[in-house]
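# Commentary on secondary and tertiary structure
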Amino acid sequence: MSFQPSSVVPPLTRPQLAEARRVRAAELFEQGRSGAEIARMLDVSEESVRRWKRVWEEGGADALRRRPATGRPPKLDDAQVERVRTALEQGASAHGFEADLWTLERVGLVVERVTGAVLSKASVWRLLTGRLGWSLQRPERRAVERDESEIARWIAHEWPRIRKGR
């Protein structure tokens, strides 16, 4: 198992899409559109539009935005996450590991060395995929005895002969 930075911009999450829908509804309220019209435009129920309008009338468009998650703050702040990113981008072998391959255990050890924070495997996974934007990469398994030239010869000569014999 290996992790690499992902160059693909992730799609919006469901909470982000829901917030965007509510903010769009606020814009439509300001334009004076009817609840039924807004519900059709945003593909939501009229009851949702009525609820959003009550919230909007009491607190404005900001009241329709997502609130930050409550609960325990993350163990790593943004500066620590960037130090971890820099350390991971150096490669696993730069940190004394035999193979240049990242695993959750190895990343956890590097996080502990760099920041002093001990993370569970689940927290390391969330750090890699969520905060760092990395994705899971699995190495291709190949036999040590594999002979590429013999494979190419077989595909060029044997495979056509076998296919003709159908």
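Scroll up to find the structure this text is about.
Okay, so let's go over this structure. Note that the structure is predicted; figures quoted are calculated from it, not measured. (Residues numbered from 1 in each chain as written. Predicted model: local features only at pLDDT ≥ 70, side-chain atom pairs only at ≥ 80, totals over all residues. Heavy atoms only, no water.)

### Quick look at the overall build of the protein chain
Applied cut-off: Helix and strand assignments come from DSSP, with helices taken as H or I runs of at least 4 residues and strands as E runs of at least 2, each series counted from the N terminus. Two things to know: the radius of gyration comes from C-alpha atoms, and the globule rule equals 2.2 Å times the number of residues to the power 0.38.
On a plain count of helices and strands, the protein chain comes out with seven helices and two strands. Mapped from its N terminus to its C terminus, the protein chain presents α and β elements in the order β-α-α-α-α-α-α-β-α. For a compact globule of 166 residues, the expected C-alpha radius of gyration is about 15 Å, and the protein chain comes in at 26 Å, more than 25% above that figure. For the C-alpha atoms alone, the extent of the protein chain along its principal axes is close to 75 × 60 × 20 Å.

### Brief notes about the packing of aromatic side chains
Centre distance and the angle of the planes are the two values used to describe a pair of aromatic rings. Here is the rule we go by: The aromatic pairing rule takes the rings of Phe, Tyr and Trp, using the six-membered ring of Trp, and pairs them if the centres are within 6.5 Å, calling planes under 30 degrees apart stacked, those over 60 edge-to-face and the rest tilted. Buried residues are those whose accessible area, probed at 1.4 Å on protein chains only, stays under 20% of the maximum for their type, while exposed residues exceed 50% and partly exposed ones sit between those limits.
What the rule picks out here adds up to three aromatic pairs. Ring geometry for Phe29 and Trp56: centres 5.1 Å apart, planes at 45 degrees, overall tilted. Placement of Phe29 in helix α1 (residues 14-30) and of Trp56 in helix α3 (residues 46-59) is noted, with a sequence separation of 27 residues between them. Trp56 shares its class with Phe29; the two are buried.

### Examining the pattern of salt bridges
Using the following cut-off: One side-chain nitrogen of Lys or Arg within 4 Å of one carboxyl oxygen of Asp or Glu is enough to make a salt bridge.
Counted according to the given criterion, the structure contains 14 salt bridges. Notably, a salt bridge pairs Glu82 with Arg85, separated by 3.2 Å at the nearest N-O pair. Placement of the pair is Glu82 and Arg85 together in helix α4 (residues 78-89), with a separation of three residues, close to one helical turn. Bridged by salt links that share partners, the residues Glu140, Arg142, Arg146 and Glu148 form one connected network.

### Details of helix α7 (residues 148-164)
Each α-helix turn comprises 3.6 residues. Residues three or four places apart therefore point the same way. Selection criterion: Expected span of a helix: the number of residues minus one, times 1.5 Å. The bend reported for a residue corresponds to the angle between axes fitted to the seven residues ending at that residue and the seven starting there.
In this model α7 runs 24 Å from its N-terminal to its C-terminal C-alpha over 17 residues, within 8% of the 24 Å that 1.5 Å per residue would give. Largest kink in α7: about 40 degrees, centred on Ile155.

### Quick notes on the nonpolar core
One broad rule of soluble globular proteins: the nonpolar side chains tend to lie buried together. We count it as follows: Residue types Ala, Val, Leu, Ile, Met, Phe, Trp, Tyr and Cys, when buried and joined through side-chain atoms within 4.5 Å, form a set referred to as a nonpolar core.
Membership of the largest hydrophobic core comes to 19 residues, with the highest contact counts inside it found for Leu88, Trp102, Leu127 and Leu128. Sorting the residues of this core by element identifies α4, α5 (104-115) and α6 (121-131) as the ones contributing at least two each. Within the second largest apolar cluster, twelve residues are counted, among which are Phe29, Ile38, Ala39 and Val49.

### Here's the deal with the side chain of Gln80
What counts is decided by this rule: Two residues qualify as a contact provided that any one of their heavy atoms is within 4.5 Å of a heavy atom in the partner residue.
Within the secondary structure, Gln80 sits in helix α4. When its relative accessible area of 16% is taken as the criterion, Gln80 is described as buried. Residues in contact with Gln80, not counting those within four places in the same chain, are Lys75 and Thr115.

### Brief notes about the environment of Phe29
Overall, the relative accessible area of 6% leaves Phe29 in the buried class. Taking C-alpha positions, Phe29 is 61 Å from Glu98, a pair spaced 69 residues apart along the chain. Contacts of Phe29, omitting those with residues within four sequence positions, involve Ile38, Val49, Trp52, Lys53 and Trp56.

### Digging into the side chain of Thr115
Quick reminder of the rule: Polar contacts, as counted here, are pairs of nitrogen or oxygen atoms within 3.5 Å of one another; within protein the pair requires one atom able to donate a hydrogen and one able to accept it, and residues that are adjacent in sequence qualify only if both atoms are side-chain atoms.
Looking at the element boundaries, Thr115 is found in helix α5. At a separation of 2.7 Å, a polar atom in the side chain of Thr115 contacts the main-chain carbonyl oxygen of Val111. A polar contact is formed between the side chain of Thr115 and the backbone nitrogen of Ala117, at a distance of 3.1 Å. Not counting chain neighbours up to four residues away, the residues in contact with Thr115 comprise Leu76, Gln80, Arg83 and Val84.

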